[in-house]
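A closer look at the structure
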Amino acid sequence: MDEPQPEVRWAPLPPAPKRTGRVWLIVGLSVAALAIVGILLFFLLPRDGGPEPVGSTSPSPTATPSETPTATPAPTTTPEPTPITTAPPIGDPTIEVFRDKVSGWLNSADRGLDIVAGASGQDALPVVDSLQEDAQRLGDALPPSSIQDSWRSGVETYAQRLTALRAAVEDGSGASAAIDSARAAAADLRSLVGL
């Protein structure tokens, strides 16, 4: 015989208790703990450049002459000479190392000049600014001593041509000639390092 099955009904669950009070308590305690740690670190860690102890400003008592002077030898401390530390000399980079360092800027010069040639008016100015920043980086790079003078004068020429290009773009006239002269100066730098 089958026993009767109890009837199953769904009843709504009672709402979960709100725990916002606990959350705010935990957050508050965490903030308070961090504040206490910060205050302790502020007061307990030594600070560089702090004030040095200064002698008291109160007048010292005058010494009275004693009847039998005692001779005490003055301390003879000679200050230790401070060692002079100089930076080690910077090695002369090889042409290959220097080429690797500047090749990215020189390659972007060709691409940038192509963009300037295809851009119109004021749209080319940010690209010229970027090329001038790269020219500054090229001037800051330390070349090998074998090409140092040629490199410095070549970078100076390239920077001057970029300045002329910027002026031509701002004026809106003669930009193609300025682009060609800047491209020639960049090509001179590329050939100087063997690119």
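Refer to the structure above for everything that follows.
Below: a short report on this structure.

Rules used throughout
- Residues numbered from 1 in each chain as written.
- Predicted model: local features only at pLDDT ≥ 70, side-chain atom pairs only at ≥ 80, totals over all residues.
- Heavy atoms only, no water.
- Helix = DSSP H or I, 4+ residues; strand = E, 2+ residues; numbered from the N terminus.
- Buried < 20%, exposed > 50% of the residue type's maximum accessible area, 1.4 Å probe, protein only.
- Axes fitted to C-alpha atoms, helices over the stretch in contact; angles between N-to-C directions.
- Parallel < 35°, antiparallel > 145°, perpendicular 65-115°, else oblique.
- Left-handed = near helix turned anticlockwise from the far one by under 90°.
- Contact = heavy atoms within 4.5 Å.
- Nonpolar A, V, L, I, M, F, W, Y, C, P; charged D, E, K, R; others polar.
- Polar contact = N/O pair within 3.5 Å; in protein donor to acceptor, adjacent residues only side chain to side chain.

Within the secondary structure layout, Ser146 lies in the loop between α3 (125-140) and α4 (148-171). By relative accessible area, which is 65% here, Ser146 ends up exposed. A C-alpha to C-alpha distance of 10.0 Å links Ser146 and Pro93, two positions 53 residues apart in sequence.

What follows is about the packing of helix α2 (residues 95-118) against helix α5 (residues 175-193). Where α2 contacts α5, the two axes come as close as 9 Å, and the packing angle between them is 165°. Comparing their axes, α5 and α2 come out roughly antiparallel. The crossing of α2 and α5 is left-handed. Across the interface between the two elements, Ile95, Phe98, Arg99, Val102, Leu106, Asn107, Ala109, Asp110, Leu113, Asp114, Val116 and Ala117 from α2 touch Ile179, Ala182, Arg183, Ala186, Leu189, Arg190, Leu192 and Val193 from α5. Per-class residue counts for the contact of α2 with α5 are 14 nonpolar, one polar and five charged.

Structurally, Asp134 can be placed in helix α3. Judged by its relative accessible area of 9%, Asp134 is buried. In terms of polar contacts, Asp134 uses its side chain to reach the side chain of Arg137, at 2.7 Å. Excluding anything up to four places from it in sequence, Asp134 contacts Trp105 and Ser108.

Attention shifts here to the packing of α2 against α3. Axis separation between α2 and α3 bottoms out at 10 Å; the angle between their running directions is 160°. By the angle between their axes, α2 is roughly antiparallel relative to α3. Between α2 and α3 lies a crossing whose hand is left-handed. Counting all contacts with α2, which are made through Val102, Trp105, Leu106, Ser108, Ala109, Gly112, Leu113, Ile115 and Val116, the residues of α3 involved are Val127, Val128, Leu131, Asp134, Arg137 and Leu138.

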